[in-house]
Amino acid sequence: MGITAKFVLLCFFGIFCLTTADGRSSKYDWPPPSGSVEKRFARAAITTDNAACSDIGGKVLKKGGNAIDAAIAAMFCIGVVNPQSSGLGGGFLLTFYSKNRGQCMSIDARESAPAAASRNMFINDTDASKYGFTAAGVPGELAGYWHAYKRYGSGKVEWKELVLPSVKLARYGHPVSEYLDYVMRVKERHFRLFPSVRHWINPATNQTYKEGEILRRPTLARTLERIAHSSDPVQLFYHGEMARVMADEFKEGGGFITEKDFASYKVREHTDLVANSHFRDSLTMCGGPPPSSFAVTQLIVSVMSKLYPEGHKHNIYDEPLVLHKYIEAMKFAYAQRTLLGDHDFVDDALSRSQNLTAPAYTDWVIRRMKDHAQPSKNYGGIAQYQTPDHGTSHVSVLDEYGNGVSATTTINRWFGAAVESKAYGILWNDEMDDFSTPGMENGFGFAPSETNFIEPGKRPMSSMSPMIIFDHLTKNVKMVIGGSGGSKIISALAKAIVRTLIFKDSVKNAIDAPMIHNQFTPDITQLDDQFPKEVKAILENQFSQKFRNTTGFEGIIQGIETREDGIHACGDYRRRTDQVPSGF
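Residues numbered from 1 in each chain as written. Predicted model: local features only at pLDDT ≥ 70, side-chain atom pairs only at ≥ 80, totals over all residues. Heavy atoms only, no water.

Structural notes on the sheet that holds strand β4 (residues 45-48)
Next, step 1: Taken in spatial order, the seven strands line up as β11-β6-β5-β16-β15-β4-β25 in an open sheet, and their pairing is antiparallel. The open sheet has two edge strands, β11 (268-270) and β25 (582-583), and neither has a second partner.
Next, step 2: As paired elements, strand β5 (residues 91-98) and strand β6 (residues 103-109) share seven bridges and run antiparallel to each other. Counterpart to Thr 95 in the pairing with β6 is Ser 106.
Next, step 3: Where helix α3 (residues 67-81) meets the sheet, it contacts β4, β5, β15 (392-398) and β16 (404-410), and its direction lies at approximately 155 degrees from that of β15.
Next, step 4: The strands touched by helix α4 (residues 141-152) are β5, β6, β11 and β16; relative to β6, the strand with the most contacts, the crossing angle is about 150 degrees. (Pairing = 2+ DSSP bridges. Helix = DSSP H or I, 4+ residues; strand = E, 2+ residues; numbered from the N terminus. Contact = heavy atoms within 4.5 Å. Axes fitted to C-alpha atoms, helices over the stretch in contact; angles between N-to-C directions.)

Remarks on the UniProt feature "active site" (unreviewed entry) in the chain
Next, step 1: The UniProt feature table records "active site" (unreviewed entry) at Thr 392.
Next, step 2: With respect to the element layout, Thr 392 can be found in strand β15. (UniProt positions renumbered as here; feature names shortened; annotations may be inferred.)

Structural notes on the packing of aromatic side chains
Next, step 1: Tallied over the entire structure, the rule returns 28 aromatic pairs.
Next, step 2: On the basis of an interplanar angle of 45 degrees and a centroid distance of 5.1 Å, the ring pair of Phe 96 and Tyr 152 is categorised as tilted. Taken together, the residues span a long stretch of sequence, with Phe 96 in strand β5 and Tyr 152 in helix α4 at a distance of 56 residues. Residue Phe 96 shares its accessibility class with Tyr 152, and that shared class is buried.
Next, step 3: Ring pairs connect the aromatic residues Phe 133, Phe 237, Tyr 238, Phe 250, Phe 262, Tyr 265 and Trp 428, which therefore count as one cluster.
Next, step 4: When the ring centre of Tyr 317 is taken as origin, the NZ or CZ atom of Arg 499, which lies over that ring, is 5.1 Å away. (Phe/Tyr/Trp six-rings, centres within 6.5 Å; stacked < 30°, edge-to-face > 60°. Buried < 20%, exposed > 50% of the residue type's maximum accessible area, 1.4 Å probe, protein only. Lys NZ or Arg CZ within 6 Å of the ring centre and 35° of its normal.)

Quick word on the state of the cysteines
Next, step 1: Following the criterion strictly, the structure yields two disulfides and no others.
Next, step 2: Across the disulfide from Cys 53 sits Cys 77; the S-S distance is 2.1 Å. Looking down the S-S bond of the Cys 53 and Cys 77 bridge, the torsion is -75 degrees, so its handedness is left-handed. Taken together, the positions of Cys 53 in helix α2 (residues 51-62) and Cys 77 in helix α3 put the pair 24 residues apart, joining distant regions of the chain. An identical accessibility class is assigned to Cys 53 and Cys 77; each is buried.
Next, step 3: Here Cys 104 is linked by a disulfide to Cys 286, with a sulfur-sulfur distance of 1.9 Å. With a gap of 182 residues between them, Cys 104 in strand β6 and Cys 286 in strand β13 (residues 283-287) connect regions that are remote in the sequence. (Disulfide = S-S within 2.5 Å.)

Comments concerning the nonpolar core
Next, step 1: The biggest cluster of nonpolar side chains holds 85 residues, and the ones touching the most others in it are Phe 76 and Trp 159.
Next, step 2: At 13 residues, the largest contribution of residues to this core is made by α3.
Next, step 3: Setting aside its immediate chain neighbours within four residues, Trp 159 contacts Ile 72, Phe 76, Leu 142, Tyr 145, Trp 146, Tyr 149, Ile 227, Ala 228, Ser 230 and Pro 233.
Next, step 4: Ranked by size, the runner-up nonpolar core spans 63 residues in total, among them Val 303, Leu 493, Ala 496 and Leu 527. (Core = buried A, V, L, I, M, F, W, Y, C linked by side-chain atoms within 4.5 Å.)

See the structure below:
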């Protein structure tokens, strides 16, 4: 019997009945399992947004490389085959768990605002924060890779071995995925508008590349090859000839990034991490401080764990009250996100995020929860909103040494700023659009978050929440998990953890489960089309919740869970790419 058949069985007795991993069934019409592949491994695993990248990372693991080595190799690959979401022109947040130390570290290689940036720079021209060279922040991607490799790499795999497989993919091409086909059609207008990205139109057809067609990036291949053979790629990219050429391109395009901005970029590392060690037996959730949203994500999980302790008999598939509590937990958590920002620039951001992980805060939320939806003022936030972030990619790795890496990488909106370096084939991010701008209310009338206003050198607040869950007694990893897709990262990630650890689902069932998302501003819960209509009606009528439908392109999870029978890894069918975990 295959993995899907083992964990999710459908029977037909007038309605569908779904059996969860521990054998409980539901009377509601939950959707059947997706076609995503869950794989089980004995010693090590990696799952990414593209099977080619999982394969590259898996080969690094099989060579004796550790989770850091495999993650870097996979992220180089993601930058080639997922160009709409990630690449050298962007940045990432990474959480690393070292089993030897029994400790988590985080690496912040998120893009930063250039020195010429100011909080009012986009007040009269909002498009300038989204499109063109003005939209780009200083990229941290390559600096972050090199920092992680030098500090935490295994030493068993050469740097060039992590880069050269992606050189090959860029040079000889890779088949366009269903997802990339869709995104390219959406972005066709920009490809025709901006000269530097006109080559994304297939010259043979004068249309965007279609699913299955081979996409080559020869200019990027040459750049990656130089990086692969460099003894110091940070010096090459941020301080040498490349920095000069890229700065000249920014100047010519009207952008703000200078040679000095490249040279001034610094990777930030944190060893005294935000963590929650009280939520479930001896398990600890760990992740980075703001601009990561880990503190927000873990609060949802912590509240649900306290409400449904070990040994409970509740069934999330069969009890609408459980889902009501989950929606309410999201509201309390997202409300606090409005107060967070880059901790180097927002005085209380670090202490506030640490407070969200305290047992007393979990108790505070639970005491204020009711069996019906409440007015927004009751959730503890303020009437401000964080600017929505957008497309990203995620890599989750667990190595044979017991180390884990959860890394989320992004260029923000699809194809970033829709401009690229003609000399180096690097698509530039539009991360300046992740900042808030004074006076720019959103479509629901909420003011922008003041903690996220632009300042030189500042990094915009993000929904990215790369997380690792480990047992602080045995030091063994329980889950390596993270997601992509803007503000829905938080809710999708919490959903997967809650269903797996608290309601004993398989990691595949948990990821497959319909999206349920409420980000406080506005207080309207978004649902997948597959969410059972009967359950939705109960939540509306009995618990006063409000709903609207959401798209399936956001909230994409890559999860690894260790169980008694091995390491289980699965990606998210919503990405619409070929996703197959790798390992051994």
